[in-house]
Amino acid sequence: MSKNTFTIVLILLMSVSLQAQKKFTISGVVADEKNKETLIGVSLFVQETKTGLVTNEYGFYSITLPEGDYTLLINYLGYQTVTEKIKLNQDLKRNFYLSVSSQQLDEVVIVDNKKRVDIRKPEMSVNKLTIQEIKEMPVIFGEVDVLKSILTLPGVTNAGEGQSGFNVRGGGADQNLVLLDESTIYNSSHLFGLFSVFNPDAIKDLKLYKGGIPSRFGGRLSSILDIYQKEGNKNAFHMNGGIGLISSRILAEGPIVKDKGSFLIAGRGSYAHLFLKLFDNPNSAYFYDLNTKLSYSINEKNNVYLSGYFGRDVFQLNDSFVNTYGNAVINFRWNHLYSDKLFSNLSMIYSDYYYGLRLDFVGFNWDSGIKNYNIKYDFKHYITDKFKLNYGLQSHYYDFNPGKIEPTGEDSGINPEQLDKKYAMENAIYADAEHQISNKISLSYGLRFSNFLRLGQQTMNTYTNDQPVIFNPDFQIYQSAEPIGTVSYGKNKTIAKFDNLEPRFAVSYVINEEQSVKASYNRMTQYLHLISNTQSPTPLDVWAPSDRYLKPQLLDQVAIGYFRNFKDDLYSLEVESFFKKIKNRVDYIDGANLIANEAIEQVILNGKARAYGLEVLFRKNSGRFKGWVSYTLSRTEQQVAGRTPEETGINNGNWYKTGFDKLHNLAVVANYKLNEKWRFSANLIAQTGQPVTFPNGQYQYEGITVPVFSGRNEENLPTYHRLDVSATLTPTKNKGRKWQAEWVFGIYNLYNRQNAASITFRQNQETGSNEALRLSIFGIVPSATYNIKF
Amino acid sequence: MKSTNYLYILILLLTFSSCEKVIDIGLETGEPRLVIEASINWYAETAGNEQKIKLSTTTGYFDEDIPKVSNATVFITNSTNQVFDFIEDPTELGTYKCVNFIPSVNETYTLTVIHEGETYTATEKLLNTPTITGVEQINDGGVLGNETEVKFYFDDLVNETNFYFLRIDDPYKVIPEYGVIEDRFFQNNEMFGLYFSEDLKPGDTLKFTLNGVTQGYFNYMDVLLEQTGTNSMGPFSTPTATVRGNIINQTNFDHFALGYFRLSKTEVSEYVIE
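Quick caveat, the model's predicted, so the values are computed rather than measured.

**Re the overall build of chain A**
Line of reasoning, step 1. On a plain count of helices and strands, chain A comes out with four helices and 53 strands.
Line of reasoning, step 2. A globule of 790 residues ought to have a C-alpha radius of gyration of about 28 Å, and chain A, at 28 Å, matches this closely.
Line of reasoning, step 3. Reported as C-alpha extents along the three principal axes, the dimensions of chain A are approximately 90 × 85 × 50 Å.
Line of reasoning, step 4. Residue burial in chain A is summarised as follows: out of 790 residues, 59% are buried.
Line of reasoning, step 5. For chain A, the exposed area adds up to about 30700 Å²; of that, 58% sits on carbon and sulfur atoms.
Line of reasoning, step 6. Between the mean site of the 85 positive side-chain charges and the mean site of the 79 negative ones, chain A shows a separation of 7 Å.

**Here we look at the overall build of chain B**
Line of reasoning, step 1. Each helix and strand counted, chain B has two helices and 16 strands in total.
Line of reasoning, step 2. In chain B, which comprises 274 residues, the proportion classed as buried is 56%.
Line of reasoning, step 3. Taking as baseline every contact in chain B between residues at least 6 positions apart, the subset at least 24 positions apart corresponds to 65%.
Line of reasoning, step 4. For chain B, the accessible surface area stands at approximately 11800 Å², while carbon and sulfur atoms represent 47% of it.

**Quick notes on the sheet that holds strand β6 (residues 82–88) of chain A**
Residue and element names in this part refer to chain A.
Line of reasoning, step 1. Judged by pairing direction, the sheet is antiparallel, and its four strands sit side by side in the order β3-β2-β5-β6 without closing on themselves. Edge positions in the sheet fall to β3 (51–54) and β6, since each of these pairs with one other strand and no more. Neighbour-to-neighbour, the strand axes of the sheet open up by a mean angle of 20 degrees, direction not taken into account.
Line of reasoning, step 2. In the sheet, strand β5 (residues 68–75) pairs with β6 via seven bridges, with the strands oriented antiparallel.

**Brief notes about the side chain of A:D340**
Residue and element names in this part refer to chain A.
Line of reasoning, step 1. Mapping D340 onto the fold places it in the loop between β23 (321–337) and β24 (342–359).
Line of reasoning, step 2. In terms of polar contacts, D340 uses its side chain to reach the side chain of K93, at 3.5 Å.
Line of reasoning, step 3. For D340, the contacting residues outside a window of four places in its chain are T25, S27, F60, S62, D91 and K93.

**Notes on the sheet that holds strand β10 (residues 147–155) of chain B**
All names here are of chain B.
Line of reasoning, step 1. Pairing within the open sheet is antiparallel, and its three strands lie in the order β9-β10-β13. The open sheet has two free edges, formed respectively by β9 (132–141) and β13 (190–197), since each of these has just one partner strand. Each strand axis lies, on average, 20 degrees off the axis of its neighbour in the sheet, ignoring direction.
Line of reasoning, step 2. By the bridge criterion, eight bridges tie β10 to β13 in an arrangement that is antiparallel. The partner of F154 across the bridge, within β13, is M191.

**A look at a nonpolar patch on the surface**
Residue and element names in this part refer to chain A.
Line of reasoning, step 1. Taken together, the side chains of I256, V257, L294, Y296, I298, L306, I330, F332, M348 and I375 make up a nonpolar region of the molecular surface, amounting to roughly 830 Å² of accessible area.
Line of reasoning, step 2. For the nonpolar patch, the elements supplying multiple residues, two or more each, are β19 (247–257), β21 (284–299) and β23.
Line of reasoning, step 3. Looking at the nonpolar patch element by element, the count peaks at three residues for β21.
Line of reasoning, step 4. When you line up the elements, L294 lands in strand β21.

**Looking at the confidence of the model for chain A**
When pLDDT is low, close inspection of the predicted coordinates is not appropriate.
All names here are of chain A.
Line of reasoning, step 1. Per-residue confidence for chain A gives a mean pLDDT of 86; residues scoring 70 or more make up 92%.
Line of reasoning, step 2. With pLDDT under 50 throughout, residues 15–19 is counted as low confidence; its partners more than four residues away or in other chains account for zero contacts.
Line of reasoning, step 3. Predicted confidence is poor over residues 104–112, with pLDDT under 50, and the contacts of this stretch with residues over four places away or in other chains come to 15 contacts.

**Description of helix α2 (residues 215–228) of chain B**
Residue and element names in this part refer to chain B.
Line of reasoning, step 1. Over its 14 residues, α2 extends 20 Å from the first C-alpha to the last, a length consistent with the 20 Å expected when each residue adds 1.5 Å.
Line of reasoning, step 2. Counting buried residues in α2 gives 10 out of 14 residues, a clear majority hidden from the surface.
Line of reasoning, step 3. For α2, the set of buried residues is Y217, F218, Y220, M221, D222, V223, L224, L225, Q227 and T228.

**Comments concerning unusual backbone geometry**
All names here are of chain A.
Line of reasoning, step 1. Positioned with a positive phi, E182 is a non-glycine residue whose angle comes to about 75 degrees.
Line of reasoning, step 2. When you line up the elements, E182 lands in the loop between β12 (176–180) and β13 (183–185).
Line of reasoning, step 3. Exposure remark for E182: the relative accessible area of 8% places this residue in the buried category.
Line of reasoning, step 4. If you check the backbone angles, E702 has positive phi at about 50 degrees while not being a glycine.

**Describing the packing of aromatic side chains**
Residues and elements named next belong to chain A.
Line of reasoning, step 1. Counting across every chain of the model gives 46 aromatic pairs over all chains.
Line of reasoning, step 2. With a centroid separation of 5.6 Å and an interplanar angle of 25 degrees, the aromatic rings of Y398 and F400 are classed as stacked.
Line of reasoning, step 3. The buried category is assigned to Y398, whose relative accessible area is 3%.
Line of reasoning, step 4. Under the relative-accessibility criterion, F400 is labelled buried at 1%.
Line of reasoning, step 5. Among the aromatic side chains, those forming a connected cluster through ring pairs are Y58, F60, Y228, Y305, F343 and Y382.

**Let's talk about the environment of A:Y699**
Line of reasoning, step 1. Of note, A:Y699 is situated in strand β46 (residues 695–701).
Line of reasoning, step 2. The sequence separation of A:Y699 and A:F449 amounts to 250 residues, and the corresponding C-alpha distance is 55 Å.
Line of reasoning, step 3. The contact partners of A:Y699, leaving out residues within four places of it in the chain, are A:I704, A:T705, A:V706, A:P707, A:V708, B:V35, B:T58, B:Y220, B:L224 and B:L258.

**Some remarks on the pattern of salt bridges**
Residues and elements named next belong to chain A.
Line of reasoning, step 1. Enumeration over the complete set of coordinates arrives at 40 salt bridges over all chains.
Line of reasoning, step 2. Residues E37 and K204 are paired through a salt bridge, measuring 3.6 Å at the closest nitrogen-oxygen approach. Of this pair, E37 sits in the loop between β1 (23–32) and β2 (43–46) while K204 sits in strand β16 (residues 203–209), placing them 167 residues apart in sequence.
Line of reasoning, step 3. Judged by relative accessible area, E37 falls into the buried class, the value being 4%.
Line of reasoning, step 4. The exposure class of K204 is buried, given its relative accessible area of 10%.
Line of reasoning, step 5. Between D174 and R585 there is a salt bridge, and its shortest N-O distance comes to 3.4 Å. Residue D174 is located in the loop between β11 (167–168) and β12, and its partner R585 is located in strand β39 (residues 571–588); the two are separated by 411 residues in the primary sequence. By the burial criterion, D174 is buried, and R585 matches it.

**Considerations on the side chain of A:R619**
Line of reasoning, step 1. Along the polypeptide, A:R619 turns up in strand β40 (residues 604–620).
Line of reasoning, step 2. Separated by 3.2 Å, the side chains of A:R619 and A:N621 make a polar contact.

**Thoughts on the environment of A:E513**
Residue and element names in this part refer to chain A.
Line of reasoning, step 1. For E513, the location among the structural elements is in the loop between β34 (494–512) and β35 (515–526).
Line of reasoning, step 2. Sequence separation of E513 and K50 is 463 residues, and the distance between their C-alpha atoms is 11 Å.
Line of reasoning, step 3. If we ignore the near neighbours within four places in the chain, the residues touching E513 are K50, R116, I119 and R120.

Thresholds, definitions, all that
Residues numbered from 1 in each chain as written. Chains lettered and ligands numbered in written order. Predicted model: local features only at pLDDT ≥ 70, side-chain atom pairs only at ≥ 80, totals over all residues. Heavy atoms only, no water. Helix = DSSP H or I, 4+ residues; strand = E, 2+ residues; numbered from the N terminus. Rg over C-alpha atoms; globule rule 2.2 N^0.38 Å. Buried < 20%, exposed > 50% of the residue type's maximum accessible area, 1.4 Å probe, protein only. Areas by Shrake-Rupley, 256 points an atom, 1.4 Å probe, with all protein chains shown as cover. Lys, Arg positive; Asp, Glu negative; His and termini not counted. Charge placed at Lys NZ, Arg CZ, Asp CG, Glu CD. Contact = heavy atoms within 4.5 Å. Pairing = 2+ DSSP bridges. Axes fitted to C-alpha atoms, helices over the stretch in contact; angles between N-to-C directions. Polar contact = N/O pair within 3.5 Å; in protein donor to acceptor, adjacent residues only side chain to side chain. Patch = residues over 30% accessible without salt bridge, like charges linked within 9 Å, V, L, I, M, F, W, Y side chains within 5 Å. Salt bridge = Lys/Arg side-chain N within 4 Å of Asp/Glu carboxyl O. pLDDT = per-residue confidence, 0-100. Expected span 1.5 Å × (residues − 1). Phe/Tyr/Trp six-rings, centres within 6.5 Å; stacked < 30°, edge-to-face > 60°.

Below, the structure written as structure tokens:
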């Protein structure tokens, strides 16, 4: 083009842009009016443009619209809706303070914001529970429990009673990323699954992503459980607590500087073991944990938070056996508003998991653990009311101690041994967009690039043909290969490197205001593996980083769903179907010894896994009687084929059910508010029994009988089912009083079904005959808790 | 018992209102398979010339009788091709006896069993075993502090990787108890076999048997013992599969035999509870 033409075009373009409508931004924070606690996921909807968004994890929102007059509808479950008329002719800063819905109980329930399915957002495969909803579920063992609550949702199960961890859409318990205020938690249960590590009083909000996982999350295949703690009441000092038969808890919160800074500190502990001490029984099992948080609002653009968590479980049998384990986390976060449209959060996190075992009668002391240093910088860019960009970067440094063994005293025959420590770095950079294309279609698309470096200082084995596992054709078994040499890597030198691109995509199509269909695809990578020969994380399991032999696990998941709200949000229905394919899922060769194994590569074989299913969730959202029915039909299986046609693979290379496969999983949760004094709730859980391998014969060897087994996991334990009930009594004298109290009574497993946690086969030592032994862990367990707050 | 196995047993003990009950359950029965129990034990201070091998088959899990296998040909050869024949005892069907066996530490032996036209072989070394140096009894011992604890001490064989197969015969139990340990954390130090029981009273005899074994046997018995339920781990059970020993069917590879061919020098200690 000639210079003159160019200049003319430029002037024209400039005038076009000058004539384009000016846009302004309204932004701010949404919080609870009484305690100034920011609210996560509050919906702000612009009536005129039919666009909207939800507040982010820090209660922040930002909407950019062309100049004009708008009506903003702000609503959130449990709070009164606010309708705000705004005149947008300049950038506005508006904070909204919502009041809790007052429930008038005679006949009519007033403006109770009902839970409804979000029809518009492409977000799917997500379950969100506020602590209010969790508190309305039956209380098991004396207190509300985060993990027990998510187990009633579709697609979520656990491997068995008394086992810690949970399984999402047929994924292993190690495939869940559990975050508390953005910090990784490695073991989410106390006392083998009896309690979760989350003190319900300290929690503000939780969200479980089962699929359609946004690109800011990564590092685990199956789910993200994202939990946020409360900041603490910025207005006045309050305390609350509860005393129960098994455990008690107490929380104190209040302002440091009124309206600007607050603190929260909560502690919990169990003491059932003290009853044992009364009877001169020297054994004990207990847990304790501490949640702390300091929040300070420096100015309108800057907030800082310091959170901490410390928890321990202790099992002690007569001084000769002491087992201690738990998580510890400390993190510092800084929210900064670069502009009205650009929100950022910088997190600096230290997270640690410790596991220790002391066996005095053998003379053995073992310490192991993981230390994790993590930095994250996340940006949320609210570009227009229809387009939002999220981007950021993350870096983790891991220090694994697989075990340090020491003698407990001079007369112990144990030789000290330190298993090689392992080091790794996991980094990621991501970007994704939430884009409302039209009135009917919204998209969410993004990419995460993750990178993993396995670092020295370490000495690694080398093997013939790079095969740490060899197949012995004579015995038809896999055996560990002898290393042919070693390679030493200096401190921070790269031993192995992996790069992966993880695309994420979700779309929602609104059929009408009441219904929509959604679809999503995600690819996830997991660089850490839980080395465990059991189906759920027991404390003895060891986390291992990927290396040349233990490759990162890769997952592709697709999901589609149909969502509908009925009768003015009185009911809602969510139906989803998913399919997952996983590469590099390992399984162990027979006779694998995983404990204190320096060379895990010698006992594992690479295989694949897949899971597919249908989930249905039907809810009644309001009224005296509320609740939901959740049903999941699914299958999860794995396959380890031989590496060559001569090799057998595991289970002859056939697909076999994983240990946490549950064909049918039904949960019915019901809540009934009789009057101001009494509230009742009940849970009914029914699921297919765990897959097991039963014997199909026996023989005698060296004077004992030995079982012969059929194919892996072909049978199932008997169906698992139980009914839990609870009743909450709020005395009328509470009204208007500063001290609020309530009694909660609960019964776990009301009809005392002896559900089989396992069926083992053994030879009776007194009669010599074979027998089948069923182990049930919890029969009927009553509980009573007295809760107070002031 | 392996020190790490203690952990599993102890975790089982910790479960709260847990309950164990023997139940009736129907099980399928698979095709019968040959079982060869070829354990050659050369008891210390004996000639070791009398040895026996037992042949049987698998049967239904709840069947009371174990079917014996007769009319098989059984013999062992050593590295100089000396043949030791095992002849079936007509009064003890399924048991094949030899009276002229020559045991020798570190000698390699090959077992051959011919049954129904198929030949099964296995090759193994006769391993040495340390002597039992002493016995210690602790009352109010055991994990829970109310049991009689007995420790049988022996010195780990020096400068080699060793695996040991232990057996306890308790007068109150109708079947023996077994364990396998390795010298990994105890290399060249004193080791012990540990047993505890509430039932033992003064005057009872507790018999402890120690055998040095190969790593192959250690792995085999480790898995086998987990499956027999004596080392049952309750809720934390591992995936199981039928474990194969070192015996190979030369005629029809997939028609394998169960059992193991093991040879060890054997040390025994009989201790009377005080």
